[in-house]
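# Coordinates in review
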Amino acid sequence: MRKFIGITLIAVLVLSTAGCASFQKKFTRKKKEPKHVATAIYLQEENYQKKYSNEYYYKTHFTYWQTWHSDLLNQLGGNSKKVSRCVQEALSNLVEMKRYLKPEKQAPLEEQIQSLSDIAKKLDSGYYSKSSEGSVRSELEKIQRIVNNNFYFNKVKEDLVPDTVAI
């Protein structure tokens, strides 16, 4: 029995002094990694040049507006989510078109933006009914006619804001 106790004590002493790396690694706590690590964004102070000209952006937004507005007229009276999306997209493209026009040409477009905004509020509020669909449709067709006649690219290309690049 004494031999057994002696051998056990020697074994414990040898193991505690020699150390076992995997045994120690197994029982040490690991640092917890944070759930979200914020990344640093470095910005350089430079003069950035737009990728495309104002003409290109105006033409693009005008085309998008035409597509969304005609889609709005086709969807009117149908799926309310689709109608809401169409009116929001048409409105946002009109606002973007306005950005590229000179201030004296922006005022007439602002009237159409306001009219479309009023229609958007009416459609989104839920007070829109089948009986008022005809008046909304005629108002939308009026907006489409005015914008198509007065704000197509060839008519407003002289009134576009010039491209400026700081050198």
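Residues numbered from 1 in each chain as written. Predicted model: local features only at pLDDT ≥ 70, side-chain atom pairs only at ≥ 80, totals over all residues. Heavy atoms only, no water.

## Here we look at the side chain of lysine 105
Among the structural elements, lysine 105 can be located in helix α5 (residues 103-125). Despite being buried, lysine 105 has no salt bridge partner; aspartate 159 is the closest side chain of opposite charge, sitting 4.3 Å away. Setting aside residues up to four positions removed in sequence, lysine 105 forms contacts with Asn150, Phe151, Val156 and Asp159. (Helix = DSSP H or I, 4+ residues; strand = E, 2+ residues; numbered from the N terminus. Buried < 20%, exposed > 50% of the residue type's maximum accessible area, 1.4 Å probe, protein only. Lys, Arg positive; Asp, Glu negative; His and termini not counted. Salt bridge = Lys/Arg side-chain N within 4 Å of Asp/Glu carboxyl O. Contact = heavy atoms within 4.5 Å.)

## Concerning the packing of aromatic side chains
Evaluation of the coordinates by the stated rule reveals 6 aromatic pairs. Ring centres of tyrosine 52 and tyrosine 57 lie 6.2 Å apart, and the angle between their planes is 75°; this geometry places the pair in the edge-to-face category. Given a relative accessible area of 37%, tyrosine 52 falls into the partly exposed group. Aromatic pair tyrosine 58 and phenylalanine 62: ring centres 6.5 Å apart, planes at 10°, arrangement stacked. You can see tyrosine 58 and its partner phenylalanine 62 sitting in helix α3 (residues 54-75), 4 residues apart, about one turn around the helix. Of the two residues examined, tyrosine 58 and phenylalanine 62, each falls in the buried class. Directly above the ring of phenylalanine 153 sits lysine 59, whose terminal nitrogen or CZ lies 4.5 Å from the centroid. (Phe/Tyr/Trp six-rings, centres within 6.5 Å; stacked < 30°, edge-to-face > 60°. Lys NZ or Arg CZ within 6 Å of the ring centre and 35° of its normal.)

## Examining the environment of arginine 85
Within the element layout of this structure, arginine 85 appears in helix α4 (residues 80-99). Classification of arginine 85 by relative accessible area gives partly exposed; the value is 46%. Sequence-wise, arginine 85 and leucine 72 are 13 residues apart; in three dimensions their C-alpha atoms are separated by 8.6 Å.

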